[in-house]
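Architecture and fold: a report
Below, each chain spelled out in residue letters.
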Amino acid sequence: MYFLILGPLMSISSSNWVVCWGGMELGFFSLMPMLLMSNLSLSKEVVLKYFSIQAFSSVLLFFSGMMIFSFFIENTIISIMFMLSMSLKLGFFPGHFWVPSVVAGLDWFSCCLIMGPLKVAPLALFVVFLNSFPSFQLTVMCLGVLSAIYGSILGNNQTNIRAMIGASSISHTGWMISALIFGQVWVYFLVYMVTLFMFLLMMMKLDYFNAMMNLLSMSGLPPFFVFVVKINVLFNMAQMNVWPLIVLLIVGSAISLVFYLKFSYSLILSSKSYKSLYLYIFLMLNMMGAFFIFFFDGRP
């Protein structure tokens, strides 16, 4: 756990590309024994699949990052290779295919680790890449919109709640990639991670009522905080006049709302008692997200 935290911190605080890449690999390899501690029967197969995909993306990332950040070679093929490695690391389109199957075979704590701390360093490197190559901003935004669409479609095809969370992660990562263009990614990442961690904690505690409320928050319904950060992204995209992409994001959210409501209905039917009373404070703060929209003017 110590190296899992140290790796991303070393990546985002170093100015040397080799050290940045080594910090991501340190966090990745420290995660492997923690994933193998899972009690689920599919854990060993899933860990091997996750290791193979991340090792391949690490090779692409090291080569393309060395060309870009160390030798300062501006080449379209190398930039596309860098974005492909980022898509495999973060799990957005076109490297999203592994997320639902991997998350479905892990326990809740392992899902927290994969979808949380290990995304910090790749997102930070992606911000540096887009600042260095602003010509790829529209391409990255299109990839984010496609991720939101594909995540919503994959989520409607899932019957396992863990696989559904993996599809939801694809969709929200698409929104984060779109927010990268405007510098709003860390606000979205923080709000989504807090909501996701609270949902996974409630699932571990078998408190299905609070889990249902956090799942509704992840859907982006208006009373919740995730709705505010999604509106933030849409307002900033409207200032760029990319209305087709805005329409596609809204359509993706409407499609994903179907499986969020379906699983929320299943959770509320499974709830028997309200155990975690101390978490109602977070629940009330979450539902106050609608009030913050009146103080928000859409500027980054």
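Calculation rules
Residues numbered from 1 in each chain as written. Predicted model: local features only at pLDDT ≥ 70, side-chain atom pairs only at ≥ 80, totals over all residues. Heavy atoms only, no water. UniProt positions renumbered as here; feature names shortened; annotations may be inferred. 1 Å grid on protein atoms, 1.4 Å probe; cavity = no way out; pocket = protein on both sides within 12 Å on 5 of 7 lines; lining within 4 Å. Points joined across faces, edges and corners; volume = space filled by probe spheres on them. Helix = DSSP H or I, 4+ residues; strand = E, 2+ residues; numbered from the N terminus. Nonpolar A, V, L, I, M, F, W, Y, C, P; charged D, E, K, R; others polar. Axes fitted to C-alpha atoms, helices over the stretch in contact; angles between N-to-C directions. Parallel < 35°, antiparallel > 145°, perpendicular 65-115°, else oblique. Left-handed = near helix turned anticlockwise from the far one by under 90°. Contact = heavy atoms within 4.5 Å.

Going by what an unreviewed UniProt entry lists, the protein chain is known as NADH-ubiquinone oxidoreductase chain 2 and is assigned to Radix auricularia. Here is the UniProt Catalytic activity (unreviewed entry) comment for the protein chain, exactly as written: "a ubiquinone + NADH + 5 H(+)(in) = a ubiquinol + NAD(+) + 4 H(+)(out)". You can read under Subcellular location (unreviewed entry) in the UniProt record for the protein chain the words "Mitochondrion inner membrane".

In this structure the tally under the stated criterion is two cavities of 30 Å³ or more. Along its surface, the largest cavity is lined by 14 residues, and M24, Q54, K89, L118 and P122 are the ones closest to its centre. Among the elements that make up the lining of the largest cavity, the one with the highest residue count is helix α2 (residues 17-36) (three residues). For the lining of the largest cavity, the per-class residue count stands at ten nonpolar, two polar and two charged. Computed from the structure, the second largest cavity encloses a volume of approximately 40 Å³. Taken together, K89, L90, W98, V99, I114, M115, K119 and S169 make up the lining of the second largest cavity. Mapped onto the lining of the second largest cavity, the elements with two or more residues apiece are α4 (76-90) and α6 (108-115). Split by residue class, the lining of the second largest cavity holds five nonpolar, one polar and two charged.

Where α4 meets helix α7 (residues 120-132), the closest approach of the two axes is 10 Å, and the angle between their N-to-C directions is 155°. If you check the angle between α4 and α7, you find them roughly antiparallel. Where α4 crosses over α7, the two elements pack in a sense that is left-handed. Contacts between α4 and α7 pair S79, F82, M83, M86, K89 and L90 from the former with P122, L123, L125, F126 and F129 from the latter.

Next up on the list: unusual backbone geometry. That bond from F93 to P94 is cis: its omega, 10°, falls within 30 degrees of zero. Its location among the elements puts P94 in the loop between α4 and α5 (99-104). With phi around 60°, N241 is a residue other than glycine that occupies positive phi space. You can see N241 is positioned in the loop between α12 (225-239) and α13 (243-270).

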